[in-house]
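Take a look at the letters that make up each chain.
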Amino acid sequence: MANVMIQYNEQGQFCLYLPKKDLEEAITHFEFDEDERWGGEVHLADGAIYYIDPMPSRPKLPITVRAKRLQAA
C-alpha cells in the first residue's frame, strides 16, 4: 500500500498523485463518489486501478490516503 494524494489538477479534474514515483494522473472513475460514501476502486486515465478504503463522507481535498494498486497501467 502506498500513500497517495487526491487533489484537483489545473483543469479542475480529480487527480491522484503518487509522490514515491512522482506520478500525477487524472482520475476517470470513483467506485463511490457520493456525499454519504467516498472511495473504493479509483480508475486512472492511464489504465491503472487503485483501491482506497471507502470513507463515510466525501472529504475536503486535497487529502492523503493509503491506496492499494489493483492493476498496473
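Small disclaimer: the values here were computed from a predicted structure and weren't measured.

**Q** Hey, could you run me through the overall build of the protein in this one?
**A** The helix and strand tally for the protein stands at zero helices and six strands. Going from the N terminus to the C terminus, the protein shows its helices and strands as β-β-β-β-β-β. Its C-alpha atoms give the protein a radius of gyration of 11 Å, near enough to 11 Å, the size a compact globule of 73 residues would have. By principal-axis analysis of the C-alpha atoms, the protein measures approximately 30 × 25 × 20 Å. Looking at the protein residue by residue over its 73 residues, the buried ones come to 36%.

**Q** Explain the pairing of strand β2 (residues 14-18) to me, please; I cannot follow it from the model alone.
**A** Side-chain direction in a regular strand flips from residue to residue, so the side chains alternate between the two faces of the sheet. Judged by how many residues are buried, β2 sits mostly within the fold: four of five residues are covered. Where strand β1 (residues 2-8) meets β2, four bridges bridge the pair, whose relative direction is antiparallel. Bridge assignment links Met5 to a residue of β2, and that residue is Tyr17. The antiparallel hairpin formed by β1 and β2 contains five residues in its connecting segment, where Gly12 sits at a positive phi of about 85 degrees. Of the strand pairs in this sheet, β2 and strand β3 (residues 23-33) are connected by four bridges, and their pairing is antiparallel. From the neighbouring strand, Cys15 faces β3, where its bridge partner is Ala26.

**Q** I keep staring at the nonpolar core and nothing clicks. Help me out?
**A** Generally speaking, nonpolar side chains in soluble globular proteins are found buried as a group. Counting 17 residues, the largest nonpolar core has Ile6, Leu16, Ile27, Phe30, Leu44, Tyr50 and Val65 as its most contacted members. Counting only elements with at least two residues in this core, the list comes to β1, β2, β3, β4 (38-44), β5 (49-55) and β6 (63-71). Here Ile27 is in contact with Ile6, Phe14, Cys15, Leu16, Val42, His43 and Leu44, once residues within four sequence places are set aside.

**Q** How should I be thinking about the pattern of salt bridges in this particular structure?
**A** Two side chains that carry opposite charge are able to pair once their charged atoms sit near each other. One pass over the structure, following the stated rule, counts two salt bridges. Arg58 is the salt-bridge partner of Asp33, the closest N and O atoms lying 3.5 Å from each other. Of the two residues, Asp33 is situated in strand β3 and Arg58 in the loop between β5 and β6; the sequence distance between them amounts to 25 residues. What makes Asp33 partly exposed here is its relative accessible area of 31%. Classification of Arg58 by relative accessible area gives partly exposed; the value is 37%. Salt-bridge contacts for Arg58 lead to Asp35; the nearest nitrogen and oxygen are separated by 3.8 Å. Residue Arg58 is found in the loop between β5 and β6, and its partner Asp35 is found in the loop between β3 and β4; the two are separated by 23 residues along the sequence. What makes Asp35 exposed here is its relative accessible area of 55%.

What counts and what doesn't
Residues numbered from 1 in each chain as written. Predicted model: local features only at pLDDT ≥ 70, side-chain atom pairs only at ≥ 80, totals over all residues. Heavy atoms only, no water. Helix = DSSP H or I, 4+ residues; strand = E, 2+ residues; numbered from the N terminus. Rg over C-alpha atoms; globule rule 2.2 N^0.38 Å. Buried < 20%, exposed > 50% of the residue type's maximum accessible area, 1.4 Å probe, protein only. Pairing = 2+ DSSP bridges. Core = buried A, V, L, I, M, F, W, Y, C linked by side-chain atoms within 4.5 Å. Contact = heavy atoms within 4.5 Å. Salt bridge = Lys/Arg side-chain N within 4 Å of Asp/Glu carboxyl O.

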